[in-house]
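The residues making up each chain are set out below.
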2 protein chains.
Amino acid sequence: MVWNAWGVESGHKELSPEVKALISSALGVSEGVADSRAVADVALRDSALTDDQRSGLAGIVGDEFVSIAHEDRLIHAGGKSTFDLLRRRSGEPQAAPDAILFPADHDQVVALLAYCAENAIAVVPFGGGTSVVGGVDPARGDFAAVVTLDLRRLDALVAVDSVSGLATLGAGLTGPQAEALLGEHGLSIGHFPQSFQFASIGGYAATRSSGQASAGYGRFDDMVHRLQIATPRGTLDLGKAPASAAGPDLRELFVGSEGTLGVITAVTVRVHPVPETTGYQGWSFPNFETGAAALRSVIQTGATPTVMRLSDEAETGVNLAMSDRIGSDSGVSGCLAITTFEGTPAHVEARQAEATAILLAAGGTALGAEPAQQWEHGRFNAPYMRDALLDAGVLCETMETATVWSNLGALRTAVTSALSDSLGGQGTPPLVLCHISHTYVTGASLYFTIICAAKEDAIAQWSIAKKAVGDAIVSVDATITHHHAVGADHRPWMTDEVGELGVEVLRAVKAAIDPAGILNPGKLIP
Amino acid sequence: MVWNAWGVESGHKELSPEVKALISSALGVSEGVADSRAVADVALRDSALTDDQRSGLAGIVGDEFVSIAHEDRLIHAGGKSTFDLLRRRSGEPQAAPDAILFPADHDQVVALLAYCAENAIAVVPFGGGTSVVGGVDPARGDFAAVVTLDLRRLDALVAVDSVSGLATLGAGLTGPQAEALLGEHGLSIGHFPQSFQFASIGGYAATRSSGQASAGYGRFDDMVHRLQIATPRGTLDLGKAPASAAGPDLRELFVGSEGTLGVITAVTVRVHPVPETTGYQGWSFPNFETGAAALRSVIQTGATPTVMRLSDEAETGVNLAMSDRIGSDSGVSGCLAITTFEGTPAHVEARQAEATAILLAAGGTALGAEPAQQWEHGRFNAPYMRDALLDAGVLCETMETATVWSNLGALRTAVTSALSDSLGGQGTPPLVLCHISHTYVTGASLYFTIICAAKEDAIAQWSIAKKAVGDAIVSVDATITHHHAVGADHRPWMTDEVGELGVEVLRAVKAAIDPAGILNPGKLIP
């Protein structure tokens, strides 16, 4: 990944004339946000590690796997939130880890954590570096130094059990690496978050990632069968059986622990045969409420699609669902929904027929396969647009939350109002697009894309909006994050999420496992 | 429930002539285990509560809701494991709580826990009292007194959200009470464990219960959306959204906490419309392996049945699946499997057609609806047979575990050998019946019924077998319990289950929430 934008250099996008025209007319923007600088020009403070510490760490992983190189430190300077991108563009000195460690295996991670605990060095676990919530910021807490633990060398397909539909994967494998290794066995995980191309297996587990095919294959937390976790106090191996009544499910403490309770080094996940076929369908609904009720009916009846999404009127209008053609005329009136069904031909046919009957009865108009195929084709490209928009002076950010079906309308209204008020009040009224990204029997997630003119201090501008939206979300009893995780940016709302006593439970667990408090300070746990 | 046997008086069973003949020929038994005594004759120690404590507790719940009546204490003397039944028959003085408290609401539970923490009184939460693992034994740990907190008055249907398919239920509602209240709204939970008639909503959550329809509706832990929990340090309210990435899922610490971390007072669970129709099918397979592979194929393809079970050759032979006709000729050769499908007619038809094709292709012979209907008809009766067998001098117990599909054969062999060796070695070779009770994409549970002649010291006899089976289960990396929970009886294997560090995490959580350690001492946490 490049240090100051999403993804790889070759993915860089230019805005189409349609989008430029839209921006100019809708937002009144013409000047871009200051350009990125060359890597060599960026100021970083000197590594705070002592020579002794550096050789102590090198004694564990080997000299060549402890890096204090300028570019390495910059690449590990944080994640990819809009705050991050704005900081990269700011011209200010950048925070960076004091070293990056590249352990070869679980035992080295255990040894590193023990060393860092003894030597009071903060540790930030790092997979793909795609966090959009400050989850991999090199925060040092009260410690003199912070190292980032890059897990890319934990890249083995450790075991395949095709009878049970399980595979054990090294935490450092990226989505495409894992799918390629499993593909050799005719298997797939089916986890496709928007960060798929870069994010890692360990990161998926550590952040409770949810992919676009979650309706069919579940969230990543649903897929996790077993976890191997390195901690400053040794190893945890959790998850023996497909289901158990042997007390609390401790896996669920570490899934979503975001590097604060341990470093996930291997994950055994549910896999399935590469689908024999996929059925695609696009739908239009007269309005968001009708569409939402239709999706609800499908998921509650049990005719489970693999992917099921619904864009609101605004998002349908700018055709964001087909991100290669953003801003072009979608040709769809009302609200666009898409469904895909994967599996054996018989399974696809049975579910698709059932869902089609439900969606037609609920007021949908079938649009054929194309809208769903186009969505799938462009589905990993949207994050690149954010950088292109910043180039053009437009702040673009996404926020996501979830609630029960009966509360979905209130949640959408609350978030939209908070955005309109907080950004409008600063003289930069936003365009707010929304879609239902994930459906469950009991509720759904709402995914918002917010576009507005960037002010000179865009970090301050967006901080006000972020605070307003977070407060709005908790005021209507929804979750502060459905799949982006907590990191540093959602931490102010963790007490609202789990209560004072819940926070104390998290602190007690951390104190038991990480008594020195070296693991990812400043993240998740208030 | 009666104090010394399963269920209610009217459910009492007599063995059929066929079973008596089977026992006589197969096990060589003729004398029964000593009779139960009348309630009034059972010796209990005097209540250890001081007068001050009794009035302190009465000050919270009211005089009439603090009982030290002999019969109340006896009814709350423990659960319904075979150990419990043998203890009740033993003629020894019975352990019993020093008082039974009947709080009216959540706030009273919070106040009771604070009082007991301050006054060093152990607390055993009690729902239906159906534990078969010693989970409600009135153990006092290091405390002078122990009270049992009977939650039967928390029996309200607190809220119904039919749009989201959610209902909030008081923890003290039994299965039938909850279904009746929901039935008025056209809704059902679909959770039907064998203890259904007596067990409580709070108990289901506290023990990670799994019902017979878990293939279709999930385990109870899957159904839990939100929990209200009373602790000595106040209230926890966990679970806002259908899914969240806001850190560890703390619900999963309390689901399965078996009263050691708090008292669950209300549970918001997933509900669904009362099914419009049910499709039933019986199947026979030439052997257990073929049948297991067939069930695996169905569940991995996604043609989810509501119920799916497979009896092994021995169990099929004694026709245990049709428990009203135990021992009669089932007319089924090989292994009997049953499937049921619930839902809308279209959904039932689609899934049943898909499953039928898979089961036929996998070597199954369709037997029509009757075997599945008969199983459903008699499905809650089996526990009564255990008392009837004890009357006839036969020890009967069940054990359950789970593992991944690829390990299922090894697990079945290991458990069967452990039973044959440990009981055979004592001169009481057992009849071991086994079925797959619950299926998952990645594995399944095995449910064993063990029948052998009871020795004079049947508690010692069964202790040897229980130890052998537990050791066998962990030796093949399976879980010590799939749905019976840990309680006192499986606690010796908790360290095998989650590791030393996992146990320390549980202890740390308990110390944070229950610093005095009053909550259900001696259960779950080693």
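Bear in mind the structure is a predicted one, so any value in this text is a computation, not a measurement. (Residues numbered from 1 in each chain as written. Chains lettered and ligands numbered in written order. Predicted model: local features only at pLDDT ≥ 70, side-chain atom pairs only at ≥ 80, totals over all residues. Heavy atoms only, no water.)

Caption draft 1: Local environment of the overall build of chain A. Along its length, chain A carries 18 helices and 18 strands. Expected size for 526 residues packed as a compact globule is a radius of gyration near 24 Å; at 23 Å, chain A falls within 12% of this value. Across its three principal directions, the C-alpha atoms of chain A cover 70 × 55 × 45 Å. A sequence separation of at least 24 residues applies to 76% of the contacts in chain A between residues at least 6 apart. Accessible surface for chain A amounts to roughly 17200 Å². Of this, 51% is attributable to carbon and sulfur atoms. Charge-centre separation for chain A: the mean point of 34 positive side chains lies 2 Å from the mean point of 59 negative side chains. (Helix = DSSP H or I, 4+ residues; strand = E, 2+ residues; numbered from the N terminus. Rg over C-alpha atoms; globule rule 2.2 N^0.38 Å. Contact = heavy atoms within 4.5 Å. Areas by Shrake-Rupley, 256 points an atom, 1.4 Å probe, with all protein chains shown as cover. Lys, Arg positive; Asp, Glu negative; His and termini not counted. Charge placed at Lys NZ, Arg CZ, Asp CG, Glu CD.)

Caption draft 2: Structural context of the UniProt feature "site: Important for enzyme activity" (unreviewed entry) in chain A. All names here are of chain A. In the numbering used here, UniProt assigns the "site: Important for enzyme activity" (unreviewed entry) feature to Arg309. One can find arginine 309 in strand S13 (residues 307-311). Of the residues examined, arginine 309 reaches a relative accessible area of 13% and is grouped as buried. (UniProt positions renumbered as here; feature names shortened; annotations may be inferred. Buried < 20%, exposed > 50% of the residue type's maximum accessible area, 1.4 Å probe, protein only.)

Caption draft 3: View of the sheet that holds strand S3 (residues 121-126) of chain A. With respect to topology, four strands assemble into an open sheet ordered S1-S2-S4-S3 (chain A), the strand pairing being mixed. Here the strands that pair on one side only, and so sit at the sheet edges, are strand S1 (66-67) and S3 of chain A. (Pairing = 2+ DSSP bridges.)

Caption draft 4: A look at the sheet that holds strand S1 (residues 66-67) of chain B. Residues and elements named next belong to chain B. Taken together, the four strands give an open sheet; going across it, the order is S1-S2-S4-S3, and neighbouring strands pair in mixed fashion. The open sheet has two free edges, formed respectively by S1 and strand S3 (121-126), since each of these has just one partner strand. Where strand S2 (residues 99-101) lies against strand S4 (residues 145-150), three bridges are found, and the strand directions are parallel. Bridging from a neighbouring strand, alanine 99 pairs with valine 147 of S4.

Caption draft 5: Molecular detail of the UniProt feature "active site" (unreviewed entry) in chain A. Residue and element names in this part refer to chain A. Under the present numbering, the feature "active site" (unreviewed entry) in UniProt falls on Tyr447. Along the polypeptide, tyrosine 447 turns up in strand S18 (residues 443-453). If near-sequence neighbours (up to four positions away) are discounted, tyrosine 447 is found in contact with Gln194, Thr398, Met399, Glu400, Leu433, Cys434, His435, Ser437, His483 and His484.

Caption draft 6: Looking closely at the side chain of histidine 272 of chain A. All names here are of chain A. Among the secondary structure elements, histidine 272 is positioned in strand S11 (residues 272-273). Accessibility expressed as a relative area gives 14% for histidine 272, which makes it buried. Polar side-chain contacts of histidine 272 include one of 3.4 Å to the side chain of tyrosine 217. If we skip the residues at most four places from it in the chain, histidine 272 touches Gly186, Leu187, Ser188, Ile189, Gly190 and Tyr217. (Polar contact = N/O pair within 3.5 Å; in protein donor to acceptor, adjacent residues only side chain to side chain.)

Caption draft 7: The arrangement of the relation of the copies chain A and chain B in detail. Expressed as a screw operation, the relation of chain A to chain B combines 0.0 Å of axial shift with a rotation of 180°, fitting to an RMSD of 0.0 Å. Considering both components of the superposition, the chain copies are consistent with a two-fold axis. Of the interface residues in chain A, 100% have counterparts in chain B that sit at the interface too, so the contact is made through matching surfaces. (Least-squares fit on C-alpha atoms with pLDDT ≥ 70 in both.)

Caption draft 8: Looking closely at helix H15 (residues 382-391) of chain B. All names here are of chain B. Counting buried residues along H15, eight of its 10 residues qualify, which places the element largely inside the surrounding structure. All of the buried residues in H15 are Pro383, Tyr384, Met385, Arg386, Asp387, Ala388, Leu389 and Leu390. Packed against the buried residues of H15 are helix H1 (17-27), helix H4 (82-89) and strand S16 (394-404). Backbone geometry just downstream of H15 places glycine 393 in the positive-phi region, at approximately 85°.

Caption draft 9: Examining the interface of chain A and chain B more closely. Facing the 79 residues of chain A at the interface are 80 residues of chain B. In this assembly, chain A packs against chain B so that about 5800 Å² is buried in total across both faces, 64% of it on carbon and sulfur atoms. For the pair chain A and chain B, the number of links is six salt bridges. Residue lysine 240 of chain B pairs with aspartate 477 of chain A through a salt bridge whose shortest N-O separation is 3.9 Å. (Buried area = accessible area lost by both parts, 1.4 Å probe. Salt bridge = Lys/Arg side-chain N within 4 Å of Asp/Glu carboxyl O.)

Caption draft 10: A look at the pairing of strand S4 (residues 145-150) of chain A. All names here are of chain A. Counting buried residues along S4, six of its six residues qualify, which places the element largely inside the surrounding structure. The two faces of S4 match: Ala145, Val147 and Leu149 on one face and Val146, Thr148 and Asp150 on the other face are all buried. Sheet topology note: the S3/S4 ladder contains six bridges and is parallel. Bridge assignment links valine 123 to a residue of S4, and that residue is valine 147.

Caption draft 11: Representation of the packing of aromatic side chains in the model. Under the criterion given, the structure shown has eight aromatic pairs over all chains. Relative to phenylalanine 380 of chain B, the ring of phenylalanine 196 of chain B lies with its centre 5.3 Å away and its plane at 25°, an arrangement referred to as stacked. Remark: phenylalanine 380 of chain B occurs in the loop between helix H14 (370-378) and H15 and phenylalanine 196 of chain B occurs in the loop between strand S7 (187-188) and helix H7 (201-206); sequence separation between them is 184 residues. Residue classification places phenylalanine 196 of chain B among the buried residues on the basis of a relative accessible area of 9%. Take phenylalanine 380 of chain B: its relative accessible area is 15%, and that puts it in the buried class. Three or more aromatic residues link up through ring pairs in this structure, and these residues are Phe192, Phe196 and Phe380 of chain A. Positioned over the ring face of phenylalanine 288 of chain A is arginine 412 of chain A, at 4.1 Å from the centre of the ring. When the ring centre of phenylalanine 65 of chain B is taken as reference, the NZ or CZ atom of arginine 153 of chain B above it lies at 3.4 Å. (Phe/Tyr/Trp six-rings, centres within 6.5 Å; stacked < 30°, edge-to-face > 60°. Lys NZ or Arg CZ within 6 Å of the ring centre and 35° of its normal.)

Caption draft 12: Broad picture of the environment of isoleucine 451 of chain B. Inspection of the secondary structure assignment puts isoleucine 451 of chain B in strand S18 (residues 443-453). With 425 residues separating them in the primary sequence, isoleucine 451 of chain B and alanine 26 of chain B have C-alpha atoms 10.0 Å apart.

Caption draft 13: Just the packing of helix H18 (residues 494-513) of chain A against helix H18 (residues 494-513) of chain B, in detail. Running from amino to carboxyl end, H18 of chain A crosses H18 of chain B at an angle of 140°, the nearest separation of the two axes being 9 Å. With respect to each other, H18 of chain A and H18 of chain B are oriented oblique. The two elements H18 of chain A and H18 of chain B meet at a crossing, and its hand is right-handed. Contacts between H18 of chain A and H18 of chain B involve Glu504, Val505, Ala508, Val509, Ala512 and Ile513 of chain A on the former and, on the latter, Glu504, Val505, Ala508, Val509, Ala512 and Ile513 of chain B. Class assignment of the residues belonging to the contact of H18 of chain A with H18 of chain B gives a composition of 10 nonpolar, no polar and two charged. (Axes fitted to C-alpha atoms, helices over the stretch in contact; angles between N-to-C directions. Parallel < 35°, antiparallel > 145°, perpendicular 65-115°, else oblique. Left-handed = near helix turned anticlockwise from the far one by under 90°. Nonpolar A, V, L, I, M, F, W, Y, C, P; charged D, E, K, R; others polar.)

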